[in-house]
Amino acid sequence: MSKFLHPKYQSLSCYVPGEQPRDKAYIKLNTNESPYPPSPEVIAAVDANAVADLRLYSDPEGKCLRQKLADRYRVAPENIYLANGSDDILSFAFMAYASDGEPVAFADITYGFYSVFAALYGSDAKILPLREDFSIDYRDYLGIDRTIFLANPNAPTGLALSVENIEKILESNPGRVVIIDEAYVDFGAESCLPLVHRYDNLLIVRTFSKSRSMAGARLGFAIASRGIIEDLNRIKFSTNPYNVNRLTLLAGAAAIDSDHYFIENCERIMKTRTKTEAALSALGFEVIPSKANFIFAKHNAMSGEAIYQALKERGILVRHFSSPRITEYNRITVGSEEEMASLLATLADILASS
């Protein structure tokens, strides 16, 4: 850190991404990426002609992709916002609705960027503890009169709130924006999309990173009332109008055109998840039932840190967290059938030799 950094940023605790070691080949089950490639249509869209056109700026409004998303989710293009990954949307939402001492609320165990953004933008953050079973108690958020951030399904637990209970939160906080982060919703949870037309304080955040196999493309989108989308665009056009590059816009449009591929992959991942959860339970793990593309589990015979290290030594990466409430757990991305078979065999060997 240089001596020139503004004092208010010197104490920031940065978000820590999942590790990306290069010392050997790993089975990578630590960053919730899809085990399957993008659709053939996406691969075909990013051709030599598209690359040649990189000399040109991208469409700052992303009209083609916004229209496709609007048609897909049965809203107007004015209800769609595009971004360089969903994290950019979350950042802008904190900037727009929870900066400079404005009140915000989120769970104590949830997506790590919420606390980072709260510190970055000087939010007055109220952190609400999950229940003992790691579920969110929706009643904690009723009438709280704060901007609310809820990951649904939550990360790293994989548990989801019902749309009915989210609606109660929206109804009881009409003067505040409620942000529902649906990064993992395509793996079996219920989306809040039906509520968009009824609540002008709802902001839904989605991503192409997980279910559409495009983590490296960096593409996120939001669905909300026209007023909220205008808020996000106001910040975007005051910072970086060309926030989504040409190749990503093309790939995103092709991904929407190949919904069949995306749906089939989600179903494959959910089947693999169910099978893996059962196998982990048979090995003695306590497994949190997941609605995401990952599994959160612990074993009473061995610490979470020890399991993580033993797997890493054997060439398998999972995500371990040091927070006291969840330090005994590891988050395991659902990979391919072959990857999960390797994981299970390795875990069985680790436990047998412990």
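Here, every reference points to the structure presented above.
Residues numbered from 1 in each chain as written. Predicted model: local features only at pLDDT ≥ 70, side-chain atom pairs only at ≥ 80, totals over all residues. Heavy atoms only, no water.

1. Let's talk about the pattern of salt bridges
Here comes step 1: Summed over all chains, the structure comprises 19 salt bridges.
Here comes step 2: Arg146 serves as the salt-bridge partner of Asp124, at 3.5 Å between the closest nitrogen and oxygen. In this pair, Asp124 sits in strand β4 (residues 124-128) while Arg146 sits in the loop between β4 and β5 (147-151), placing the two residues 22 residues apart along the sequence.
Here comes step 3: Taking relative accessible area as the criterion, Asp124 reaches 36% and is therefore assigned partly exposed.
Here comes step 4: Within the structure, one salt-bridge network assembled from shared partners comprises Arg72, Arg212 and Asp259. (Salt bridge = Lys/Arg side-chain N within 4 Å of Asp/Glu carboxyl O. Helix = DSSP H or I, 4+ residues; strand = E, 2+ residues; numbered from the N terminus. Buried < 20%, exposed > 50% of the residue type's maximum accessible area, 1.4 Å probe, protein only.)

2. A short note on the sheet that holds β4
Here comes step 1: The strand order across the open sheet formed by seven strands is β2-β8-β7-β6-β5-β3-β4, and the pairing between neighbours is mixed. This sheet does not close on itself; its edge strands, each paired only once, are β2 (80-83) and β4. Within this sheet the neighbouring strands show an average axis-to-axis angle of 20°, counted without direction.
Here comes step 2: For β5 and strand β6 (residues 178-181), the ladder comprises four bridges, and the chain directions are parallel. Residue pairing in the sheet places Leu150 in a bridge with Ile180 of β6.
Here comes step 3: Docked against the sheet, helix α6 (residues 163-172) engages β5, β6 and β7 (202-207), running at close to 155° with respect to β6. (Pairing = 2+ DSSP bridges. Axes fitted to C-alpha atoms, helices over the stretch in contact; angles between N-to-C directions. Contact = heavy atoms within 4.5 Å.)

3. Let's talk about the sheet that holds strand β9 (residues 285-288)
Here comes step 1: With respect to topology, four strands assemble into an open sheet ordered β9-β10-β13-β12, the strand pairing being antiparallel. Both edges of this open sheet fall to β9 and β12 (319-320), since each of them pairs with a single strand only.
Here comes step 2: As paired strands, β9 and strand β10 (residues 294-299) are joined by four bridges and run antiparallel to one another. By the bridge assignment for β10, Phe285 is matched with His299.
Here comes step 3: Along the sheet, helix α9 (residues 259-282) contacts β9, β10 and β13 (329-333); its crossing angle with β9, the most-contacted strand, is approximately 150°.

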